Amino acid sequence: MRSVQVAILSVLCLFSAVVSAAPDAGAKARGSYNFYGSSSHNAYSSARSHVESYQGYLRDTHGVAVPAHIQTLTTLPASAVVVVRPEAVVARETTAVPVTIDVGADIAAHGAVDAEVAREASDAIGDDIERIQRHVKRMLQHAEELGDKEAQSILALIEKNLGVARRGHADLHEHHAEETISPQMAMMLAQKVNDALRAAHADHDKLMKRLHEAEEPAGK
């Protein structure tokens, strides 16, 4: 009889522990929010590492200086980089001040970029940006579920800068598909991507800090 009582008591204690540990209604949303936030942070780091590695290659192999970081704008001038070719003048966006690049002269002076290296870098950067966008989209869905207006506002800014990074990457990928690749042009377009990712990453870290502070118990 005593063994039966002990067994029943053990079951009741276990049931009580399970009930007390049950997550609240918003735990699933918060958990997903944090998962995608952490995954996005890792993807930002990976994307910027791939961009900067490629820029380091352009610097070390072709002697092209890496531009300084500047504040990324979500509204960009339409013709900040002008590419000069014998057959046409093509206008491209960038976050830097207007610069004229003579592709032929650049390749003559610094040599053409190895197409395999360029496309490998472009593919890696593109995969990272795509992953970031998927995670940010899910974070925005969870922010809407939680009714977090401030988070939604920050995520909207992040999406704008990701749009700049995506357009910069599309231009870089297009340039890499050309017969010869200008190292200066590749550097400038890579910098556009890096500046946009840097701005988005900073806002992302601001958002995650705010979320972690909100989760801390009062008085800690």
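Located above this text is the structure these notes cover.
Across all of its chains, the model carries one aromatic pair by this definition. Relative to Y57, the ring of Y54 lies with its centre 6.2 Å away and its plane at 10 degrees, an arrangement referred to as stacked. Here Y57 and Y54 lie together in helix α2 (residues 27–62), a separation of three residues that amounts to about one turn. When its relative accessible area of 2% is taken as the criterion, Y54 is described as buried.

A complete count under the given rule lists eight salt bridges for this structure. For R131, the salt bridge identified is with D128, shortest N-O distance 2.5 Å. Within this pair, R131 and its partner D128 are both found in helix α4 (residues 115–146), separated by three residues, close to a single helical turn. With relative accessibility at 3%, the residue D128 sits in the buried group. Through salt bridges that share partners, D148, E150 and R210 make up one connected network.

Each value, and the rule that gives it
Residues numbered from 1 in each chain as written. Predicted model: local features only at pLDDT ≥ 70, side-chain atom pairs only at ≥ 80, totals over all residues. Heavy atoms only, no water. Phe/Tyr/Trp six-rings, centres within 6.5 Å; stacked < 30°, edge-to-face > 60°. Helix = DSSP H or I, 4+ residues; strand = E, 2+ residues; numbered from the N terminus. Buried < 20%, exposed > 50% of the residue type's maximum accessible area, 1.4 Å probe, protein only. Salt bridge = Lys/Arg side-chain N within 4 Å of Asp/Glu carboxyl O.

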